[in-house]
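# Topology and contacts: notes
Residue strings, one per chain:
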Amino acid sequence: MLSVSELGKTYPSGERALHDVSMEVAGKEIVSIIGPSGAGKSTMIRCINRLTEPTEGSIVLDGRDVTGLSGKELQTARREMGMIFQEFNLVERLTVMENVLSGTLGYLSTWNAFRRNYQGEDVERAYEVLDRVGMAGRENARADELSGGQRQRVGIARAVLQRPKIILADEPTSALDPETSRAVMDLLTEISRDEDIPVLINIHEVELAREYAERIVGLREGEVVFEGPPEELDSDARNVIYRGAEPASPTVVAQEKTGVSISEVDKETSF
Ligand SMILES: Nc1ncnc2c1ncn2[C@@H]1O[C@H](COP(=O)(O)OP(=O)(O)O)[C@@H](O)[C@H]1O
Ligand SMILES: [Mg+2]
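What follows concerns the site of ligand 1. The local shell around ligand 1 consists of Tyr11, Ser13, Glu15, Ala17, Pro36, Ser37, Gly38, Ala39, Gly40, Lys41, Ser42 and Thr43. Lys41 is positioned such that a nitrogen or oxygen atom in its side chain is 2.8 Å from an oxygen atom of ligand 1. For ligand 1, whose accessible area on its own is 560 Å², the fraction buried by protein is 63%. Ranked by the residues each element gives to the shell around ligand 1, the list is headed by helix H1 (residues 41-48), at three residues. Residue classes in the shell around ligand 1 are distributed as four nonpolar, six polar and two charged.

Structure follows, in structure tokens:
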């Protein structure tokens with residue numbers, strides 16, 4: 001579904017935020033990108049939806065290379081990626097319904113969204129989606145009346161309404177308490193299954209990533225230093241990701257050098 005190849009990003013300041021990052025997200029899996037602050041997690045997501053321009057590499061979503069797109073085509077591609085943000089990015093003075101409906105407009109300005117005449121079918125679906133995220137009955141509440149958890153539910157509803165092919169979430173729980181964080185992760189998991197779409201989620205709480213992700217990608221200083229299922233994220237792997245330790249575990253070494261998992265290496269090397 002999503003294929004990132006040799007992605008690089010150097011900011012105009014000279015800061016190299018990503019270097020030679022390759023990864024795939026398939027089917028309806030939940031993939032989590034973890035790593036310390038400054039590792040490049042947000043840059044990665046922003047490159048995928050082209051809120052930031054990558055300086056190297058390519059991004060292919062559902063067979064379409066989004067790297068070179070501009071104008072209308074870029075807007076269409078972005079609509080295929082439902083974005084969920086750490087700080088929710090709702091328009092505080094608008095209602096829940098108005099915020100959710102703005103999801104049908106992709107990345108148009110709020111003012112355009114506000115003035116737009118929504119289609120009846122969008123409104124109908126918005127009711128359904130709000131019900132789906134547990135916000136039925138709150139359609140006319142203003143965003144600024146809601147708790148953090150409720151705001152993120154509205155953020156998720158907005159993303160779902162645009163019928164995305166993938167959901168990209170940038171630390172969607174880091175402004176929430178642990179219990180609410182889990183509720184939001186549960187909801188994202190259900191949405192992924194129901195809508196049959198993958199979720200790529202930046203997360204800094206390792207435990208949440210381990211619990212919810214089917215695959216984890218560890219970034220350190222803009223490079224992939226771990227890739228595998230949660231069970232393989234042992235303390236050595238964590239040290240490599242978070243403390244900058246040299247890879248000690250054979251799994252990490254194998255993946256870093258060759259991009260294949262240790263089980264495949266085993267097959268090759270055991271005679
Ligand atoms: N707009 C920007 N201009 C220059 N450097 C940036 C910009 N955004 C992020 N960076 C730098 O890129 C690196 C990765 O940042 P970021 O992607 O935000 O990491 P994370 O989300 O993992 O904390 C950091 O060193 C950060 O300072
Ligand atoms: Mg970030």
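What follows deals with the environment of Ile216. Following the sequence through the fold, Ile216 ends up in strand E9 (residues 215-220). With relative accessibility at 0%, the residue Ile216 sits in the buried group. Between the alpha carbons of Ile216 and Phe226 there is a distance of 7.6 Å; along the sequence they are ten residues apart. Not counting chain neighbours up to four residues away, the residues in contact with Ile216 comprise Ser32, Ile34, Ala209, Arg210, Phe226, Glu227, Gly228, Pro230 and Leu233.

As a further point, take the sheet that holds strand E6 (residues 81-84). Read from one edge of the open sheet, six strands run E6-E7-E8-E3-E9-E10, paired in mixed fashion. The sheet is open, and its two edges are formed by E6 and strand E10 (223-228), each paired on a single side. Each strand of the sheet is rotated relative to its neighbour by a mean of 20°, with strand direction disregarded. Across four bridges, the pairing between E6 and strand E7 (residues 166-170) is parallel. In the sheet register, Gly82 faces E7, and the bridge partner there is Ile167. Against the sheet, H1 contacts strand E3 (30-34), E6, E7, strand E8 (199-202) and E9, and its axis sits at roughly 145° relative to E8.

The rules we used
- Residues numbered from 1 in each chain as written.
- Chains lettered and ligands numbered in written order.
- Predicted model: local features only at pLDDT ≥ 70, side-chain atom pairs only at ≥ 80, totals over all residues.
- Heavy atoms only, no water.
- Near = heavy atom within 4 Å.
- Polar contact = N/O pair within 3.5 Å; in protein donor to acceptor, adjacent residues only side chain to side chain.
- Areas by Shrake-Rupley, 256 points an atom, 1.4 Å probe, with all protein chains shown as cover.
- Helix = DSSP H or I, 4+ residues; strand = E, 2+ residues; numbered from the N terminus.
- Nonpolar A, V, L, I, M, F, W, Y, C, P; charged D, E, K, R; others polar.
- Buried < 20%, exposed > 50% of the residue type's maximum accessible area, 1.4 Å probe, protein only.
- Contact = heavy atoms within 4.5 Å.
- Pairing = 2+ DSSP bridges.
- Axes fitted to C-alpha atoms, helices over the stretch in contact; angles between N-to-C directions.

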